[in-house]
Every structure is written in structure tokens, then in C-alpha cells.
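Next come the chains, spelled out residue by residue.
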Amino acid sequence: ETFSYDESDPYGPQNWGRLSEHCDGSQQSPISLYSNDSLEIYRRPLRIQHLDTIPNSLTFRNNGHSFTITFNYPGSRVAAVSGGPLKNSYVISQVHWHWGMNDYDGSEHILDFRRYSAEAHIVTYNSKYGSLTNAMNQPKGLAVLGFLYEIDNSYGASDIPFGFLVENVIESGSSYVENSHLFSLRHIIQSMEFDYLSYKGSLTTPNCFETVTWIVSTKPLKISSHDLAQLRRIKDEKGKPILMNYRPIQRTNYRDVDKYCS
Ligand code: SG4
Ligand code: ZN
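On a predicted model such as this, the values are computed, not experimentally measured, just so you know.

1. Some thoughts on the site of ligand 1
Part 1: The full set close to ligand 1 counts 15 residues, and N63, T68, Q94, L203 and T204 are the nearest of them.
Part 2: Taking T68, its side chain carries an N or O atom lying 2.9 Å from an oxygen atom of ligand 1.
Part 3: T204 places a side-chain nitrogen or oxygen 2.6 Å from a nitrogen atom of ligand 1.
Part 4: In the complex, 86% of the free accessible area of ligand 1, which totals 500 Å², lies under the protein chains.
Part 5: If you list the elements that add at least two residues to the shell around ligand 1, you get strand 7 (86–99) and strand 10 (118–126).
Part 6: Broken down by element, the residue count for the shell around ligand 1 peaks at three residues, all from strand 7.

2. Here we look at the pattern of salt bridges
Part 1: Taken as a whole and assessed by the stated rule, the structure comprises seven salt bridges.
Part 2: A salt bridge links D9 to K238; the nearest nitrogen and oxygen atoms lie 3.9 Å apart. You can see D9 sitting in the segment before strand 1 (32–33) and its partner K238 sitting in the loop between helix 3 (225–231) and strand 16 (258–260), a full 229 residues away along the chain.
Part 3: E150 is the salt-bridge partner of K222, the closest N and O atoms lying 3.0 Å from each other. Residue K222 is found in strand 15 (residues 221–223), and its partner E150 is found in strand 11 (residues 142–151); the two are separated by 72 residues along the sequence.
Part 4: According to the relative accessible area criterion, E150 is buried, its value standing at 17%.
Part 5: What you see here is one network of salt bridges that share partners, running through R114, E150 and K222.

3. Topic: the coordination of the zinc ion (ligand 2)
Part 1: Only H96 (NE2), H98 (NE2) and H121 (ND1) from the protein reach the zinc ion (ligand 2) as donors, at distances of 2.0 Å.
Part 2: In this structure, the zinc ion (ligand 2) is surrounded by four donor atoms whose angles at the metal cover 99 to 114°, and the resulting shape is tetrahedral.

4. Remarks on the confidence of the model for the protein chain
Part 1: For the protein chain, the average pLDDT comes to 94, and 100% of its residues sit at 70 or higher.
Part 2: Our summary of model confidence lists the complex with pTM equal to 0.97 and ipTM equal to 0.98.

5. With respect to the state of the cysteines
Part 1: Enumeration according to the criterion identifies one disulfide in this entry.
Part 2: Bridging C23 to C208, the disulfide has an S-S length of 2.1 Å. What sets the handedness of the C23 and C208 disulfide is the S-S torsion sign, and at about 85° it is right-handed. With a gap of 185 residues between them, C23 in the segment before strand 1 and C208 in the loop between strand 13 (196–201) and strand 14 (212–217) connect regions that are remote in the sequence. The burial state of C23 is the same as that of C208; both residues are buried.

6. Digging into the nonpolar core
Part 1: Among the nonpolar cores identified, the biggest contains 46 residues, and F67, W97, F183 and I188 are the most heavily contacted of them.
Part 2: Counting residues per element, this core draws most heavily on strand 7, at six residues.
Part 3: Other than its neighbours up to four places away in sequence, I188 contacts V95, W97, A120, I122, F147, Y149, I160, F183 and L221.
Part 4: If you look at the next biggest cluster of nonpolar residues, it comprises 20 residues, including I31, Y129, L148 and L203.

7. Description of unusual backbone geometry
Part 1: In this structure, the amide linkage connecting S29 to the following residue, P30, adopts the cis form with an omega of 0°.
Part 2: Relative to the assigned elements, P30 resides in the segment before strand 1.
Part 3: Between P206 and the following residue, N207, the backbone shows a cis peptide bond with an omega angle of 15°.
Part 4: Relative to the elements of secondary structure, N207 occurs in the loop between strand 13 and strand 14.
Part 5: The phi angle at F113 is positive, at roughly 70°, despite the residue not being glycine.
Part 6: Along the chain, the position of F113 falls in the loop between strand 8 (110–111) and strand 9 (114–115).

About the criteria used
- Residues numbered from 1 in each chain as written.
- Chains lettered and ligands numbered in written order.
- Predicted model: local features only at pLDDT ≥ 70, side-chain atom pairs only at ≥ 80, totals over all residues.
- Heavy atoms only, no water.
- Near = heavy atom within 4 Å.
- Polar contact = N/O pair within 3.5 Å; in protein donor to acceptor, adjacent residues only side chain to side chain.
- Areas by Shrake-Rupley, 256 points an atom, 1.4 Å probe, with all protein chains shown as cover.
- Helix = DSSP H or I, 4+ residues; strand = E, 2+ residues; numbered from the N terminus.
- Salt bridge = Lys/Arg side-chain N within 4 Å of Asp/Glu carboxyl O.
- Buried < 20%, exposed > 50% of the residue type's maximum accessible area, 1.4 Å probe, protein only.
- Donors = N, O, S within 2.8 Å, 3.2 Å for Na, K, Ca; no water.
- Tetrahedral: all angles 85-135°; square planar, octahedral: opposite > 155°, others 65-115°.
- pLDDT = per-residue confidence, 0-100.
- Disulfide = S-S within 2.5 Å.
- Core = buried A, V, L, I, M, F, W, Y, C linked by side-chain atoms within 4.5 Å.
- Contact = heavy atoms within 4.5 Å.

Shown next as C-alpha cells:
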């Protein structure tokens, strides 16, 4: 059986614990974040190595739950993140998005009482584990960079042309490899000058492993209603469009959330 986001489904979010006990753990994600409530404030920017390396190829995939782009970097020049809260170098593996039924919900994290229109997750793994699969269930195995989106319908404001990107992966399980470069991480990480909040949490889908250092930018990106609507075209295993794919807010359980300024 596979999970769903439908509260009335036997494998909906409140029952993900049936699929993996980790989903009932005490350090789950997403949570509500507050940009001015942090105990610790650090002046330690993230560093991203080889951000402008052109991947050998990009793999676009619809896994039935989200739209994912996996980066295949030339071996010696993988894009990697370090600094900030990270004690090691984390290799950038893929990016995917979460969205909602309408323009005013869709993000997984809530920032200052506000749910944003969508959220991009750049998934990275600790280089000492060699691969995403190996790192996923290991201590400090993953770091996920989260970027929130707000609606901006003014001409040219939207950062990503989702229409082109999703075109060939509308059906669940479909994927295709692209060698030209119509998408780059620069669309999301526009500059290293962003403030962010960081806390210890989990993957937001089963198996919900509690191995993720979350790094959530407090500066929202822009998306147009039209581009956002393109994400709702992709279909789940039942052939129905995925209208929303964000997990409900989890208990913070007194975890620390630290603030980082660049
Ligand atoms: C989405 O379903 C992605 O498509 C998954 O990516 C991802 O799993 C999952 O979300 C959970 O990631 O940043 N939201 S999250 O916590 O990255 C992983 C793939 O399946 C392991 C490749
Ligand atoms: Zn995600």
C-alpha cells in the first residue's frame, strides 16, 4: 500500500504510522516556524559549491506524489552544500515541490502563521554516506533546503516555467531525461544572501525518517497562479490530478529552531 494526502483515506496522513512507525515519532516535519522567536542567532552563511556546474543530465519524474527533478552532476564537480548548521558537505540530489488546492495554500512549513502557496525542497545527502538511499536512514544523513513561494501575477515575476517542465511527466510513474538545460538551481537559489531557520526534523513522506537537518529560507520566491496551476496537472497512481501534496503540521515538541543570517 502507498500513502495519500486524503484525510478520509485509510493511508491518509493521520495513519502514516501504519506504513512506517517513524511517522509517529517525536521529531517530525513540517512544523510551524517563527522568524523572530529563535533562541540562537548565528551569522553563518550556507556555502554552495559548484552551484553553476551544468549537470550532465536532469531526470524529470512523477512518482505519484510529487514532481521531482534529479541532478546528474559530472563526478568531480557535484553541487554540494556546507556551512550554516552543517558539519559536513551535503551533495545536492534532487528538487521537488509541494502545492495546494488553491493559490493560498500549498507550503508544508508555516512561517509566522502564514501558509505559503507552494514549497520547493532541495534534498541533499551527507557526502560520507555516498548516496541518497544510503544516507536516508542514517544519523545526520540528509539536509533539505526549503523555499516558500508566494503568488505574484505581475508580468515576468514568476521564477520557474512549470508548464514546460511537467509536460512529459503528467502520468504517475513517468520520467524523462533531459540533456539541455532549461532548468537550473539558480531558479531557486538566486543568491546565497538569504536568512534561514534551521531545526532537526524528518522526511515529510513515509518512511518519515528523522534524519533531516531542515534549512528553510525566510525569503519567499515568486510564482504566478498560472505556473502554480501547472503543478496540479500531474496525476497520482489512480490517474487523478494531484491537487495538493502537503503534510499537516506536526508537533514541535520543544525542539530548538535556530536563526541564521548571512
Ligand atoms: C517527495 O515525495 C519527493 O518526490 C521524494 O523524492 C522525497 O523523498 C519525499 O518527498 C520526501 O522528501 O523533502 N518532503 S521531503 O521530506 O527525497 C526523498 C524522491 O522520492 C527521499 C526521490
Ligand atoms: Zn518535500
